[in-house]
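# What the coordinates show
The chain contents come next:
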Amino acid sequence: MLKKLMMAALAGALGAGVGAQETIKIGVMTIDTGPMAVYNNFVTQPIEMAVEAFNAQGGALGRKYEIVQQAHSGPPAAAIAAATKLAQQSNISFLFGPNTSAIASAISPRLSDLNALYFDSGSALEDLIGKGCQPNYFRTSPSESMVANMMRTAVQRSGLKTWNILTADYSAGHDLAKQFTSVVQEMGGSVQTTLYAPLSAVDFGNYISQLGAKPAEGLFIFFFGATSIGLAKQQQQFGLFPKYKQVLSYNFASDLTLPALGDTVDGVSNIAGYGWDIPGEQNAAFVKAYEQRYKRKPNIGDIDNYLAMESLHQAILKAKSTDINAVRTALSGLKFNSMIGDVELRAADHQMVRPMVLLQVVKGSDGKSVSSMRHLEPGPKVTPPPSPECKMPR
């Protein structure tokens, strides 16, 4: 089915002559400045791909989808303003967009007042599916606890006992550092040095010097966006990574920024929710169609956003309605087979149960750096039970 949708997307267009009042509008918030701006294509392109695929099959309930974009500058207040504009001025009930945990935390509690559903495809913060869970919030990206379980797998596979940590200096970075330390200690190892650098850092010289002076066996890094590019290039100048037996990352050596990172991250392992070489006919068809359309392989950002749009589409079909209450009910507990396998939007906390993978950056057949899958964990195994702190209204 997915293969047919993908081929139809390449041949089809959004469709002409469809009145705005007849379309199902979806709001896509983009960030036009700062380190998160690099992710815009990984939101707009997969959603565009999904919309064209579904529209080529007749849309949903006889109606085509229509994308409405709203740019903002990045801070949580700006994201709230963008969401408010889409929901109140454009009367859009379904919201998507690149975000940090701070953005998702700011938008989530306001969704009921906005009468909108938000599909989070980027954050990992545990509170968003714990004590801060909201009925109109749904997340397709992995949670911190899912990442922690993959950390455990990665550390175990590495066989290393001593580690250093370098993460972004904000809530998610601190949480991940604590979780990684706990995992290492649980497995009989120790963390020697933990450093936090600003998410907007430009000069990493001081951090690189400290890590290079007393290297452990392994190094764990959490950074993303444009900041990760600067860190990767600077560490290469000082030969930091070769001082470690393994460099493990979450987001840092991601497919999202790999074209810009190049050989600065060769050999680095990365915890992710997707690898382009995941086995299966659906994924192979998706990768082929994506490469034909956008001249690049799909990455974790593409998949998380495609899954978000597919979740909405499947829920509308299940509900036989675009009414927000009916769609929300259909989303809660929704199960479908995707290009990464069977997935479920858990009713208890609206977290997607989905596989996780361990990747490694290697040289491809063309000599360019590419991520290659080394290990896959199925969704039920990597996803902990829902937090009892989440009191989802029924």
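First, a word on scope: everything that follows refers to the structure included in this document.

What counts, and at which threshold
- Residues numbered from 1 in each chain as written.
- Predicted model: local features only at pLDDT ≥ 70, side-chain atom pairs only at ≥ 80, totals over all residues.
- Heavy atoms only, no water.
- Helix = DSSP H or I, 4+ residues; strand = E, 2+ residues; numbered from the N terminus.
- Axes fitted to C-alpha atoms, helices over the stretch in contact; angles between N-to-C directions.
- Parallel < 35°, antiparallel > 145°, perpendicular 65-115°, else oblique.
- Left-handed = near helix turned anticlockwise from the far one by under 90°.
- Contact = heavy atoms within 4.5 Å.
- Nonpolar A, V, L, I, M, F, W, Y, C, P; charged D, E, K, R; others polar.
- Buried < 20%, exposed > 50% of the residue type's maximum accessible area, 1.4 Å probe, protein only.
- Pairing = 2+ DSSP bridges.
- Disulfide = S-S within 2.5 Å.
- Salt bridge = Lys/Arg side-chain N within 4 Å of Asp/Glu carboxyl O.
- Phe/Tyr/Trp six-rings, centres within 6.5 Å; stacked < 30°, edge-to-face > 60°.
- Lys NZ or Arg CZ within 6 Å of the ring centre and 35° of its normal.

The backbone of Leu61 shows a phi angle near 60 degrees, a positive value even though the residue is not glycine. Among the secondary structure elements, Leu61 is positioned in the loop between α2 (41-56) and β2 (65-72). Within the chain, Lys295 stands out as a residue other than glycine whose phi angle is a positive 60 degrees. Mapped onto the secondary structure, Lys295 falls in the loop between α11 (281-294) and α12 (300-319).

Here the focus is the packing of helix α6 (residues 144-158) against helix α7 (residues 171-186). Where α6 contacts α7, the two axes come as close as 10 Å, and the packing angle between them is 40 degrees. Relative to α7, α6 is oriented oblique. Crossing angle aside, the handedness with which α6 passes α7 is right-handed. Packed against α6, whose contacting residues are Glu144, Ser145, Val147, Ala148, Met151, Arg152 and Val155, the element α7 presents Ala172, Asp175, Leu176, Gln179, Phe180, Val183, Val184 and Glu186 at the interface. A class-by-class count of the residues in the contact of α6 with α7 yields nine nonpolar, two polar and four charged.

You can see Leu334 is positioned in the loop between α13 (324-331) and β11 (335-338). On the accessibility criterion, Leu334 (5% relative accessible area) is buried. Between the C-alpha atom of Leu334 and that of Arg346, which follows or precedes it by 12 residues, the distance is 7.2 Å.

Next up on the list: the pairing of strand β10 (residues 269-272). Here β10 shows no split at all, with Ser269 and Ile271 on one side and Asn270 and Ala272 on the other all buried. Sheet topology places β10 next to strand β14 (residues 356-363); four bridges connect them, and they run antiparallel. In the strand pairing of β14, Asn270 is matched with Leu359.

Now for the state of the cysteines. On inspection of all chains with the given rule, the structure shows one disulfide. Each disulfide pairs two cysteine sulfurs, and for Cys133 the partner residue is Cys390, the sulfurs being separated by 2.2 Å. Here Cys133 and Cys390 share a disulfide; its torsion about the S-S bond, 100 degrees, makes the bridge right-handed. Separated by 257 residues along the polypeptide, Cys133 in the loop between β4 (117-120) and β5 (137-139) and Cys390 in the segment after α14 (379-382) bring together distant segments of the chain. For Cys390, a relative accessible area of 10% puts it in the buried group.

The strand order β7-β6-β8-β9-β10-β14-β15 describes an open sheet built from seven strands, whose pairing is mixed. Looking at strand neighbours, the two that pair on one side only are β7 (190-197) and β15 (369-377), the edges of this open sheet. The mean inter-strand angle of the sheet, taken between neighbouring strand axes irrespective of direction, is 20 degrees. Looking at chain direction, β14 and β15 are connected through eight bridges and run antiparallel. Residue pairing across strands places Met356 opposite Glu377, the latter belonging to β15. The sheet strands contacting α6 are β6 (162-168), β8 (218-222), β9 (246-250), β10, β14 and β15, and the helix crosses β14 at an angle near 55 degrees. Helix-sheet contacts for α7 involve β6, β7, β8 and β9, and the interaxial angle to β6 is about 170 degrees.

Counted by the stated rule, this structure contains 10 salt bridges. Across the pair Arg296 and Asp302 runs a salt bridge, and its minimum N-O distance is 2.7 Å. When its relative accessible area of 0% is taken as the criterion, Asp302 is described as buried. In this structure, the salt-bridge partner of Asp349 is Arg346, at a minimum N-O distance of 2.7 Å. We classify Asp349 as buried; its relative accessible area is 1%. Salt bridges sharing common partners tie together Glu48, Glu52 and Arg293.

Scanning the entire structure with this criterion turns up 17 aromatic pairs. Look at Tyr170 and Phe224: their rings are 6.3 Å apart centre to centre, the planes differ by 70 degrees, and that puts the pair in the edge-to-face class. In this pair, Tyr170 is assigned in the loop between β6 and α7 and Phe224 in the loop between β8 and α9 (225-238), connecting sequence segments 54 residues apart. You'll find Tyr170 and Phe224 in the same group, each marked buried. Both rings, one in Phe222 and one in Phe224, keep their centres 5.8 Å apart while their planes meet at 50 degrees; by these two values the pair is tilted. Per residue, the accessibility class of Phe222 equals that of Phe224, and both read buried. Between Lys297 and the ring centre of Trp276, over which it is positioned, the NZ or CZ distance is 4.6 Å.

Bear in mind that shape data such as this cannot, by itself, settle questions of function.
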